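Tertiary structure, described
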Amino acid sequence: RKLAQHPAGLTRPGAGRVICRPHTPSGCRGTMAVGDVASGSSFGTGKVRAPSASPRRRDMRCRTQAQVPKCFRDVKCPYPQAQVAQGEFGAINYSLIGPKDGEVVVCFHGLNGSRMLFEEFGEYISRQGRYRVLSFDLYGHGLSNAPKVDLCPAKACRGCGEAACCGAPRGRYDLNFFVDQTEDLLSALGMEEEQLNLVGFSLGGTIAVAF
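Residues numbered from 1 in each chain as written. Predicted model: local features only at pLDDT ≥ 70, side-chain atom pairs only at ≥ 80, totals over all residues. Heavy atoms only, no water.

What follows is about the overall build of the protein. Of the regular secondary structure elements, the protein holds 4 helices and 8 strands. Counting from the amino terminus, the protein carries its helices and strands in the arrangement β-β-β-β-β-β-α-β-α-α-β-α. Sorting the 211 residues of the protein into buried and exposed places 40% on the buried side. Taking the intrachain contacts of the protein between residues at least 6 apart in sequence as the baseline, contacts between residues at least 24 apart amount to 70%. (Helix = DSSP H or I, 4+ residues; strand = E, 2+ residues; numbered from the N terminus. Buried < 20%, exposed > 50% of the residue type's maximum accessible area, 1.4 Å probe, protein only. Contact = heavy atoms within 4.5 Å.)

Right, here's the structure in full:
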């Protein structure tokens, strides 16, 4: 689908930002639980809020040598750093490969995974010359930031999720949380108006459907 640019900022139904939402995923095949494609360009509407200020920079998680348990100090990090964008909840580790005029394919990995799941896939289809592949680490995975968990029982509660209450903003780690992360990344990359093809594996398939 395409993101819709509103004069007051990007918004999405039910989450403060309005984005387009396909009424029926036109490119959906099989089950998203094993990772397939959903695409569309229909538009939805929603409540509009004033655009928020630019996200405050929060770097990737980093511990000193002394903070790392001794049994792990010789373990090499399995997650290579790619490029970094800033979202509402901190750093997002992502890669974008392929021709600038190619169709955009956004890849969502599964629970406890990372963007590396789609490394070979991205390299293969980007070499075809038609696709630009965006893969990234979801918050709490890989080298993207891992905000503290918002444990407020009511979704409508505007307490613990706010920085004024508990310091840095906390994340709910639900579908809307990861959809918002995706929107932040696309906005940071100037891809709000791009037609998107979505690919997801396991949890990532569910996020693709929610998006």
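Along an α-helix, a turn takes 3.6 residues, which lines up residues three or four apart on a common side. Taking 1.5 Å as the rise per residue, helix α3 (residues 175-188) with 14 residues should run 20 Å; its terminal C-alpha atoms sit 20 Å apart, in good agreement. Within α3, 10 of the 14 residues are buried, leaving the element largely enclosed by the surrounding structure. Residues Phe177, Phe178, Val179, Asp180, Gln181, Thr182, Glu183, Asp184, Leu185 and Leu186 constitute the buried set of α3. (Expected span 1.5 Å × (residues − 1).)

This part covers the pairing of strand β8 (residues 196-200). Burial of β8 is extensive: 5 of the 5 residues sit out of reach of the surface. Side chains of β8 alternate between two faces, with Leu196, Leu198 and Gly200 and Asn197 and Val199 buried alike. In this structure, strand β6 (residues 103-108) lies alongside β8, joined through 5 bridges in parallel fashion. Paired with Val105 across the strands is Asn197, a residue of β8. (Pairing = 2+ DSSP bridges.)

On to the nonpolar core. The biggest cluster of nonpolar side chains holds 22 residues, and the ones touching the most others in it are Val106, Phe108, Phe136, Leu185, Leu196 and Leu198. When residues of this core are traced back to their parent elements, those giving at least two are β5 (90-97), β6, β7 (131-136), α3, β8 and α4 (203-210). It is α3 that contributes the most residues to this core, 5 residues altogether. With near-sequence residues (within four places) excluded, Phe136 lies in contact with Ile92, Asn93, Tyr94, Val106, Cys107, Phe108, His109, Arg115, Gln181, Thr182 and Leu185. (Core = buried A, V, L, I, M, F, W, Y, C linked by side-chain atoms within 4.5 Å.)

The subject of this paragraph is the packing of aromatic side chains. Throughout the structure, instances matching the rule amount to 8 aromatic pairs. Seen from their ring centres, Phe118 and Phe121 are 6.0 Å apart, and the 65 degrees between their planes marks the pair as edge-to-face. Given the relative accessible area of 33%, Phe121 is considered partly exposed. Ring centres of Tyr173 and Phe178 lie 6.2 Å apart, and the angle between their planes is 70 degrees; on these two criteria the pair is classed as edge-to-face. Given the relative accessible area of 27%, Tyr173 is considered partly exposed. An aromatic cluster is built from Phe89, Tyr139, Tyr173, Phe177 and Phe178, whose rings are joined through pairwise contacts. (Phe/Tyr/Trp six-rings, centres within 6.5 Å; stacked < 30°, edge-to-face > 60°.)

So, on to the environment of Gly140. When you line up the elements, Gly140 lands in the loop between β7 and α2 (163-166). Among the residues examined, Gly140 registers a relative accessible area of 34% and is labelled partly exposed. For Gly140 and Ile92, which are 48 residues apart along the polypeptide, the C-alpha to C-alpha distance reads 9.9 Å. The contact partners of Gly140, leaving out residues within four places of it in the chain, are Asn145, Ala146 and Tyr173.

Here the focus is the pattern of salt bridges. According to the stated counting rule, one finds 4 salt bridges in the structure shown. Taking the shortest distance from any N to any O, the salt bridge between Glu103 and Arg130 comes out at 4.0 Å. One end of the pair, Glu103, is in strand β6; the other, Arg130, is in the loop between α1 (119-126) and β7, with 27 residues separating them in the sequence. On the basis of relative accessibility, which here comes to 40%, the residue Glu103 falls in the partly exposed class. For Arg132, the salt bridge is made with Glu194, and the minimal N-O distance between the two is 3.2 Å. In this pair, Arg132 is assigned in strand β7 and Glu194 in the loop between α3 and β8, connecting sequence segments 62 residues apart. Using a relative accessible area of 11% as the deciding quantity, one classes Arg132 as buried. Taken together, the salt bridges that share partners define one network made up of Asp150, Arg172 and Asp174. (Salt bridge = Lys/Arg side-chain N within 4 Å of Asp/Glu carboxyl O.)

Turning our eyes to something else, we now look at the packing of α3 against α4. Look at α3 against α4: their axes get within 9 Å of each other, and the N-to-C directions meet at 75 degrees. If you check the angle between α3 and α4, you find them roughly perpendicular. Contacts between α3 and α4 involve Leu175, Phe178 and Val179 from the former and Leu203, Thr206, Ile207 and Ala210 from the latter. Along the lines of polarity and charge, the residues of the contact of α3 with α4 split into 6 nonpolar, 1 polar and no charged. (Axes fitted to C-alpha atoms, helices over the stretch in contact; angles between N-to-C directions. Parallel < 35°, antiparallel > 145°, perpendicular 65-115°, else oblique. Nonpolar A, V, L, I, M, F, W, Y, C, P; charged D, E, K, R; others polar.)

Structural measurements only, silent on function.
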